[in-house]
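# Observations on the model geometry
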Amino acid sequence: KMTPLILLSVVALIATSSTATEWNTCEWNNKNNCYQDPHLREITVDLGKNKNDTFWAYVPPDVSTFYNEEPGSRTSVKPYFNGQFGKFINISPFTVRIYWYAGSDREDVYIAEVAPFQTAATATFPTHHFIVRPKYDLTQIVEEWTVEDDQVLYVYDAIEKGDAAFHDLNEEEIELYTIQKENLKFSEQYKAATGNDYLSIYPHRHRPINQQWSADYFGQEHHVTSRENHFIELPPSESLKSLRPEVNHGEPLLRSYRKQDDLLLNMTLKVLSCSPRVFEIKNFLSRVEIDHVMQIATGMTLHESSTKAGQHGESRKDSSTRTSRNSWLNRGTSPIIDTIYRRAADLMQLDEAYLRKRKAHEMPQLKYKGSNAEKLQLVHYGIGQQYSAHHDFQMPSLVEGQPMRFATILFYLNEGMEGGKTTFPRWLNAEDESELKVVPEIGKAILFYNLLPDGNPDDLSQHSAEPVLKGEKWIINLWTWDPKMKY
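Residues numbered from 1 in each chain as written. Predicted model: local features only at pLDDT ≥ 70, side-chain atom pairs only at ≥ 80, totals over all residues. Heavy atoms only, no water.

### Here we look at the overall build of the chain
Note the threshold: Runs of E in the DSSP output that reach at least two residues are strands. Runs of H or I that reach at least four are helices, and both are numbered from the N terminus. Only protein chains enter the area calculation, which uses a 1.4 Å probe; residues under 20% of their type maximum are buried, those over 50% are exposed, and those in between are partly exposed. Residue contacts are counted whenever heavy atoms from the two residues lie within 4.5 Å of one another. Residue burial considers only the protein chains on display, and all accessible areas are found by Shrake-Rupley using a 1.4 Å probe.
For the chain, the helix and strand inventory stands at 4 helices and 26 strands. Looking at the 487 residues of the chain, the share that counts as buried comes to 55%. Restricting the contact set of the chain to residue pairs at least 6 apart, pairs at least 24 apart contribute 73%. On the chain, roughly 21100 Å² of surface is accessible, and the fraction owed to carbon and sulfur atoms is 48%.

Structural data, given as structure tokens:
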């Protein structure tokens, strides 16, 4: 069933290229009068049958501006990496399974099971061939697609193909059918205006409720401070017991074990990429904080990492895609872990309550009171282990708000390994067709956004972890969601 409209607020950060200022809150129904990204443009939407609307679409800036030059002075280079996102839409009243056709002499590779009128997705490449089989008879092939360069959307429409009849649909199925068909019309208009495919569902995906840091040009810097300054001495074990993050302690916990000559931590976000928006933050974590995380890790069992094609898909282990091992840390594991969350909230200019369960009176503009942040994911890569190019967002089900991962922060816990770089193979630039590569450094973090300022998933946020050739690699990931977390 479709859930009712969720009225949300927009948390708007007013920031300059040098310092963060106060952020304001405005009601969702007043969103157009609040701060908005300067590259949002109002477009007219015509869905036929007198269904007209307007939509604020993100129109990517000219690549020349990334170099502080006049628009039109440069052209973007085509990346060497030709991978892309593939979204599969099942416009039918029955469940289907999607397989990658690996060749006549090899078994088809299962990708996802897609419920009626739902979607699934995967990272793919041009020339990849996919087949669709109905779950009720897996010997049948009802649709086939061959991926083409820059074509992201692939549709199985059982009504158009004669595999199902419109007059046999019930009321709920007709509603879902109409949503998907109108969304395809919207997608055509969105792509004409922006050059990008629309990967979500119109009008059920809204603009993010939190503002993003701007990334106007390479090397641009933003500066922000946090009261959650570095631990420089490890507190005794009895002080590092689990806690309740919702308890307000007034001052940062265990202040005597933190840096005393500066009670504020100054953080600089440096723009590495403008599209996708990627920022480097050096010295986010102290050595003591890293040692604490690693100490926790020594007592944990790390499991094989898995991937998932969508919220309706099944988690699956795929050694050709992801070979790392991971585990998870709750925010309340210890005061130091809680500090990492609070500092991350300051980095993104969010209320720390956004990253935990909230009491009724906290952030009253948000009706959803669950945490918008996942547990910290602790990941270990040994020699030869990697994570091939992928996206952190998934295709949500047809619910209002279209919950998705909004931002990713990746923290490096060690350095000095050979290989193991984080890469963004499709970053937009005018000089280099190879990947943007981020070298692991102890304590460094990178922040990147999985959504564009208009709420559409950012296909260019695709990233990878290169194989470790010598040594090992330890990282932690923090994912925040918008408008709420559904996992």
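After that view of the structure, there is still more to cover.
### Regarding the environment of Pro126
With respect to the helices and strands, Pro126 occurs in the loop between β8 (119-124) and β9 (129-134). Sequence separation of Pro126 and Glu148 is 22 residues, and the distance between their C-alpha atoms is 4.8 Å. Non-local contacts of Pro126, meaning those with residues more than four positions away in its chain, are made with Asn82, Gln84, Val147, Glu148 and Asp149.

### Looking at the nonpolar core
Keep this limit in mind: For the purposes of this section, nonpolar cores are sets of buried Ala, Val, Leu, Ile, Met, Phe, Trp, Tyr and Cys residues that join through side-chain atoms within 4.5 Å.
By size, the foremost hydrophobic cluster in this structure holds 50 residues, and its most contacted members are Phe279, Ile281, Phe284, Leu376, Ile409, Phe411 and Leu447. Those elements that place two or more of their residues in this core are β13 (265-273), β14 (278-281), α3 (287-298), α4 (335-347), β17 (376-381), β19 (404-412), β23 (445-449) and β26 (473-482). Here Leu447 is in contact with Trp213, Leu269, Arg277, Val278, Phe279, Ile281, Met348, Ala407, Thr408 and Ile409, once residues within four sequence places are set aside. Val114, Val132, Val147 and Tyr177 belong to the second-largest nonpolar core, a separate cluster that totals 27 residues.

### A look at the confidence of the model for the chain
Selection rule: What pLDDT expresses is the predictor's confidence in each residue, scored from 0 to 100.
Overall, the predicted model of the chain reaches an average pLDDT of 89, with 88% of residues at or above 70. Here residues 1-32 is a poorly scored stretch, pLDDT under 50, and it has 82 contacts once near neighbours within four places are set aside; other chains count.

### Concerning the sheet that holds strand β24 (residues 463-465)
The criterion, for reference: Pairing between strands is defined by DSSP: at least two bridges between the two strands are required. Only C-alpha atoms enter the line fits that serve as axes; for helices the fit covers just the stretch in contact. Angles between N-to-C directions range over 0 to 180 degrees.
On the basis of which strands lie adjacent, the open sheet formed by 4 strands has the order β18-β24-β21-β22 and antiparallel pairing. Strand pairing shows two members of the sheet lacking a second neighbour, β18 (387-390) and β22 (436-438), which therefore form its edges. Averaged over all neighbouring strand pairs, the angle between strand axes comes to 15°, with direction disregarded. With 3 bridges joining them, strand β21 (residues 422-424) and β22 adopt antiparallel strand pairing. Bridge pairing links Thr422 to Val438 in β22.

### Considering the side chain of Arg405
Formally: For this analysis, a polar contact is any N or O atom pair within 3.5 Å, provided that within protein one partner can donate a hydrogen and the other can accept it, and provided that sequence-adjacent residues contribute only side-chain to side-chain pairs.
The residue Arg405 is located in strand β19 in this model. On the basis of relative accessibility, which here comes to 7%, the residue Arg405 falls in the buried class. A distance of 2.7 Å separates polar atoms of two side chains, one belonging to Arg405 and the other to Glu374. Looking at Arg405, its side chain comes within polar contact range of the main-chain oxygen of Asp392, at 3.0 Å.

### Focus on α4
Note the following rule: An expected span of 1.5 Å times one less than the residue number is assigned to each helix.
With 13 residues, α4 extends 18 Å between its outermost C-alpha atoms, agreeing within 8% with the 18 Å of an ideal straight helix rising 1.5 Å per residue. Of all the residues in α4, the buried ones are Pro335, Ile336, Ile337, Asp338, Thr339, Ile340, Tyr341, Arg342, Arg343, Ala344, Ala345 and Leu347. The first or second residue beyond α4 is Gln349, which carries a positive phi of 60°.

### Notes on the pairing of β26
The element β26 is largely enclosed, with a buried count of 10 among its 10 residues. By the alternation rule, side chains of β26 split into Lys473, Ile475, Asn477, Trp479 and Trp481 and Trp474, Ile476, Leu478, Thr480 and Asp482, which are all buried. Bridging between β17 and β26 involves 5 bridges; their strand directions are antiparallel. Bridging across to β26, Gln377 finds its partner in Asn477. Where β19 and β26 come together, 8 bridges link them in antiparallel fashion. Along β26, the bridge assignment pairs Ile409 with Leu478.

### Focus on the packing of aromatic side chains
Counted only if it meets this: Working definition: rings of Phe, Tyr and Trp (its six-membered ring) pair if their centres are within 6.5 Å, and the pair is stacked with planes under 30 degrees apart, edge-to-face with planes over 60 apart, and tilted otherwise.
Applying the stated criterion across every chain, the model contains 26 aromatic pairs. On the numbers, 5.1 Å between centres and 50° between planes, the contact of Phe85 with Phe393 is tilted. Here Phe85, found in strand β5 (residues 84-91), pairs with Phe393, found in the loop between β18 and β19; they are 308 residues apart in sequence, far enough to count as distant. Assigned by exposure class, Phe85 and Phe393 land together as buried. Measuring from ring centre to ring centre gives 5.8 Å for Tyr99 and Tyr110, while their planes differ by 70°; the resulting arrangement is edge-to-face. Pair noted here: Tyr99 is in strand β6 (residues 96-100) and Tyr110 is in strand β7 (residues 109-114), with a separation of 11 residues, a long-range link. You can call Tyr99 buried: its relative accessible area is 12%. A residue is classified by how much of its surface remains accessible, and Tyr110, at 22% relative accessible area, is partly exposed. Taken together, the ring pairs in this structure connect Phe55, Phe186, Tyr190, Tyr198 and Tyr202 into an aromatic cluster.

### Quick notes on the environment of Glu352
Examined against the element boundaries, Glu352 turns out to sit in the loop between α4 and β17. In this structure, the C-alpha to C-alpha distance between Glu352 and Arg342, residues 10 residues apart in sequence, is 5.5 Å. Setting aside residues up to four positions removed in sequence, Glu352 forms contacts with Arg331, Arg342 and Ala345.

### Focus on the pattern of salt bridges
Here the idea is simple: oppositely charged side chains can pair when their charged atoms come close. To keep things clear, this is the line we draw: Salt bridges are counted wherever a side-chain nitrogen of Lys or Arg sits within 4 Å of a carboxyl oxygen of Asp or Glu.
Overall, the coordinates contain 30 salt bridges when judged by the stated rule. Two residues, Asp37 and Arg277, come together in a salt bridge whose shortest N-O distance is 2.6 Å. Taken as a pair, Asp37 in the loop between β2 (20-27) and β3 (40-46) and Arg277 in the loop between β13 and β14 lie far apart in primary sequence, 240 residues in all. The buried category is assigned to Arg277, whose relative accessible area is 7%. A salt bridge links Arg227 to Glu251, with the nearest nitrogen and oxygen atoms 3.5 Å apart. Of the two residues, Arg227 sits in the loop between β12 (221-226) and β13 while Glu251 sits in the loop between β12 and β13, which places them 24 residues apart along the sequence. One salt-bridge network, in which partners are shared between bridges, spans Arg331, Asp338, Arg342, Glu352, Arg356 and Glu362.

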